[in-house]
Amino acid sequence: MKGKMDIDALQANLVKYGQGHLLQYWDTLNDAEKKTFYADLVELDLERINRYFNRCIATLTDEVSKLDSKMQPIPRDSCGSITRTESDILDEYWGEGLRLVSQNKVAVLLMAGGQGTRLGVPYPKGMYNVGLVSEKTLYQLQAERIRRVEMLAREKTGNIGNIIWYIMTSEHTKEPTLEFFDKHDFFGLPKENVVVFEQFQLPCMTFEGKIILDQKHRIAKAPDGNGGLYRALGETGILKHMEDHNIQHIHVYGVDNILVKMADPHFIGFCSKLGADCGAKVVEKAFPTEPVGVVCKVSGVYEVVEYSEISQSTAELCNPDGTLKYNAGNICNHYFTLDFLKDVVTNHEDKLKHHIAKKKIAYVKNGKQIKPTEPNGIKMEKFVFDVFQFSQNFVVWEVLREDEFSPLKNADGAAKDTPTTSRQSVFHLHRRFITEAGGKLTWKDGSKIADAPRRHAPNYTSEKDVDTVHVEVSPLVSYLGEGLEKLVNGKTFIPPVHIERTSTGEITIESS
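Residues numbered from 1 in each chain as written. Predicted model: local features only at pLDDT ≥ 70, side-chain atom pairs only at ≥ 80, totals over all residues. Heavy atoms only, no water.

1. Some thoughts on the overall build of the chain
Put simply, the rule is: Here a strand is any run of E in DSSP of at least two residues, a helix any run of H or I of at least four, and the numbering for each starts at the N terminus. Radius of gyration here is computed from C-alpha atoms only, and the compact-globule reference equals 2.2 Å multiplied by the residue count raised to the power 0.38. For every residue, the accessible area obtained with a 1.4 Å probe (protein chains only) is divided by the maximum for its type, and the residue is called buried under 20%, exposed over 50%, and partly exposed between those limits. Should any heavy atoms of two residues lie within 4.5 Å, those residues are counted as being in contact. Each accessible area value is a Shrake-Rupley result obtained with a 1.4 Å probe; residue values ignore everything except the protein chains displayed when judging cover. In summary, the charge assignment counts Lys and Arg as positive and Asp and Glu as negative, without counting His or the chain termini. Here the site of a charge means atom NZ of a Lys, CZ of an Arg, CG of an Asp or CD of a Glu.
Helix and strand counts for the chain stand at 14 helices and 24 strands. Relative to a compact globule of 512 residues, whose C-alpha radius of gyration would be 24 Å, the chain shows 25 Å and is just as compact. When its C-alpha atoms are laid out on the principal axes, the chain stretches across 80 × 55 × 45 Å. Here the chain holds 512 residues, and 53% of them are scored as buried. Residue pairs at least 24 apart in sequence account for 76% of intrachain contacts in the chain once pairs closer than 6 positions are excluded. Of the roughly 23,300 Å² that the chain leaves accessible, carbon and sulfur atoms contribute 47%. Positive and negative charge centroids in the chain, built from 63 and 70 side chains respectively, lie 2 Å apart.

2. Topic: the pairing of strand 10 (residues 249-254)
For the record, the criterion: Between any two strands, at least two bridges found by DSSP are needed for them to pair.
Burial analysis of strand 10 places 6 of its 6 residues in the buried class, the great majority of the element. The two faces of strand 10 match: His249, His251 and Tyr253 on one face and Ile250, Val252 and Gly254 on the other face are all buried. Examined bridge by bridge, strand 3 (residues 106-111) and strand 10 share 6 bridges and lie parallel to one another. Residue pairing in the sheet places Val108 in a bridge with His251 of strand 10.

3. What to know about the side chain of His249
What counts, and what does not: Counted as a polar contact is a pair of N or O atoms within 3.5 Å, where, for protein atoms, one must be capable of donating a hydrogen and the other of accepting one, and residues adjacent in sequence contribute only when both atoms are in side chains.
Its location among the elements puts His249 in strand 10. Engagement of the side chain of His249 in a polar contact is seen with the side chain of Tyr335, the distance being 2.7 Å. If we skip the residues at most four places from it in the chain, His249 touches Leu100, Lys105, Val106, Ala107, Ile268, Ser272, Tyr335 and Phe336.

4. As for the confidence of the model for the chain
Rules: The predictor attaches a confidence to each residue, called pLDDT, with possible values from 0 through 100.
The predicted model of the chain averages 93 in pLDDT, with 95% of residues at 70 or higher. Segment residues 456-464 is flagged for pLDDT under 50; beyond a separation of four residues in sequence, or across chains, it makes 13 contacts in the model.

5. Concerning the sheet that holds strand 23 (residues 497-501)
Keep this limit in mind: Interaxial angle, 0 to 180 degrees, is taken between N-to-C directions of lines fitted to C-alpha atoms, where a helix line uses only the stretch in contact.
Taken together, 3 strands build an open sheet; the order of strands is 21-23-24 and the sheet is mixed. Each having just a single partner strand, strand 21 (471-473) and strand 24 (507-511) make up the two edges of the open sheet. Each neighbouring strand pair of the sheet contributes to a mean axis angle of 10 degrees, computed without reference to strand direction. Contacting strand 21 and strand 23, helix 13 (residues 419-436) runs over the sheet at an angle of about 75 degrees to strand 21.

6. Here's the deal with the pattern of salt bridges
Test applied: For salt bridges, the criterion is a side-chain nitrogen of Lys or Arg within 4 Å of an Asp or Glu carboxyl oxygen.
Here the structure, examined in full by the defined rule, presents 22 salt bridges. Linking Glu398 and Arg84 is a salt bridge whose minimum nitrogen-to-oxygen distance equals 3.2 Å. Note that Glu398 is positioned in strand 19 (residues 394-399) and Arg84 in the loop between strand 2 (79-81) and helix 4 (87-102), a separation of 314 residues in sequence. Residue classification places Glu398 among the buried positions, given a relative accessible area of 9%.

7. Describing the nonpolar core
Heads up, the condition is: As used here, the term nonpolar core means buried Ala, Val, Leu, Ile, Met, Phe, Trp, Tyr and Cys residues forming a set that is joined through side-chain atoms within 4.5 Å.
Core analysis: the largest hydrophobic core is formed by 45 residues, its most contacted members being Val108, Leu110, Tyr139, Trp165, Ile167, Phe181 and Val194. Sequence-distant contacts of Tyr139, defined by excluding residues within four places in its chain, comprise Leu110, Ala112, Pro124, Gly126, Met127, Trp165, Thr177, Phe180, Phe181, Phe187 and Val255.

8. Quick look at the packing of aromatic side chains
Our working rule: By convention, a stacked pair of Phe, Tyr or Trp rings (six-membered ring in the case of Trp) has centres within 6.5 Å and planes under 30 degrees apart, an edge-to-face pair has planes over 60 apart, and any other such pair is tilted. Consider the ring centre and the ring normal. A charge sits over the ring if Lys NZ or Arg CZ is within 6 Å of that centre and within 35 degrees of that normal.
According to the stated counting rule, one finds 16 aromatic pairs in the structure shown. Measuring from centroid to centroid gives 6.1 Å for Tyr139 and Phe180, while their planes differ by 45 degrees, and the two rings are tilted. Of this pair, Tyr139 sits in helix 5 (residues 138-157) while Phe180 sits in helix 6 (residues 174-183); the two residues are 41 residues apart in sequence, bridging distant segments of the chain. Both residues of the pair, Tyr139 and Phe180, count as buried. Relative to Trp397, the ring of Phe270 lies with its centre 4.6 Å away and its plane at 35 degrees, an arrangement referred to as tilted. In this pair, Phe270 sits in helix 9 (residues 265-273) while Trp397 sits in strand 19, placing the two residues 127 residues apart along the sequence. Three or more aromatic residues joined by ring pairs form one cluster here, namely Tyr139, Trp165, Phe180, Phe181, Phe186 and Phe187. Sitting above the plane of the Phe200 ring, Arg231 keeps its charged end 4.0 Å from the centroid.

9. Points about unusual backbone geometry
Pro496 follows Pro495 through a cis peptide bond whose omega is 0 degrees. For Ser299, which is not a glycine, the phi torsion comes out positive at approximately 55 degrees. By the secondary structure assignment, Ser299 is in the loop between strand 12 (294-298) and strand 13 (301-305). Positive phi, close to 55 degrees, is recorded for Asn366, a residue that is not glycine.

10. Points about a negative patch on the surface
Quick note on the threshold: A patch consists of residues exposed above 30% relative accessible area that lack any salt bridge, with like charges linked at up to 9 Å and nonpolar side chains (Val, Leu, Ile, Met, Phe, Trp, Tyr) linked at up to 5 Å.
Together, Glu86, Asp88, Asp91 and Glu92 make up a negatively charged patch on the protein surface. Tracing the backbone shows Asp91 in helix 4.

11. A few points about helix 4
Put simply, the test is: Each residue after the first adds 1.5 Å to the expected span of a helix.
Spanning 16 residues, helix 4 covers 22 Å between terminal C-alpha atoms, matching the ideal 22 Å at 1.5 Å per step. All buried positions along helix 4 are accounted for by Leu90, Tyr93, Trp94, Gly95, Glu96, Gly97, Leu98, Leu100, Val101 and Ser102. Buried residues along helix 4 sit in contact with strand 3, helix 5, strand 10, helix 9 and strand 19. One or two residues past the end of helix 4 sits Asn104, with phi positive at roughly 60 degrees.

See below:
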């Protein structure tokens, strides 16, 4: 911080915006604490913060309104499906996606601002190891999927294309993420193709609109939600970086989905072929009242409607073929063109509403930090999907849950979305890879292991042995099961099975 601290001016500005209490312990601070606290306070955009708070505080006392009468399902011509699309059309989408990758026009953007608190670990989720045969972390799996798509694009077109991986972190996850990638040599990706940037934070507020002091010399802050992406894109120079590198198609996703298909050529190709500026991957809801957001139209514009905003009778509505009318479950997996993102950042970002999360937030009372047992304040967050409303050509791509969606959110012992269910999802998928390519799996006594069923409810299986059939295929060997026939057809394997590509390019198969 340069220049002399002007405490009187700071105090006057804080009082103007109703935040004069922030300096109540000023005289008890040492010089170092005063210097850092002053620097933090003068950086606060209090007019913006109060505007955000005043926009959304009324929703705290409002009952959740049902949106049934305003909802319309996604138009059929805007919705594609991996299972209902003819194979020749799927091949077109796949080829288009790989062509764009080969021309350096595709990037992936990871939203990785969350800490592993619910997992019970003190580091970012991307560094988590769920216990696969390979012991690979989420970050390594995702990096290797990027490398595999680049390989496929080169094989298809003859051109060497690179995918830039943008990673949005928070204040708490940025340095550990950078250190982790550096320690692991960026998992084989060029260092310059992994671009880490930080989202912004907002102060935590009391229900009365007062900024909360976490310590006498520090305010309580929280990341501004995954919808903070758009402000960060503009103010950290990432949009300019994309423009300078001629990127036109961006795949955006959350860190915790262990099955995520990085820069999915089918998805990218589908969106490109339809001329979409914005798109979302969805999965069929497992049951009418599954607690997931639904992609649909509300009063003529696209939105994600939370399950609490839909009555049970509407959630249970069916089409003539028996499928749910509102069936497009949101999985935080999106497509944007660069032009769309530029329009959002330039013309719409400040219009995005903040959503309120009631939280237990540590605060200072009588000079000492108190940790409340009940929610005592709010965090204000924007959601990444709230920009759908600004799209001029929005599309939806429906995929199979067991192929592409298994989130890691909770520690083992929870009912779902745990390291165990994530690990099982990979084993289940890769078990199918082997058997669909003509391989056989048996126990050591020679008895056959049943083929993995093609469809199953999320995180559910009737098989007692699901977590003992350990089958893993490295992303460097196969992206979605392709190319395995020549490796496994007509052969028998005893779990655990691990198919890997070494640093020299050799493919190895380990089996008991």
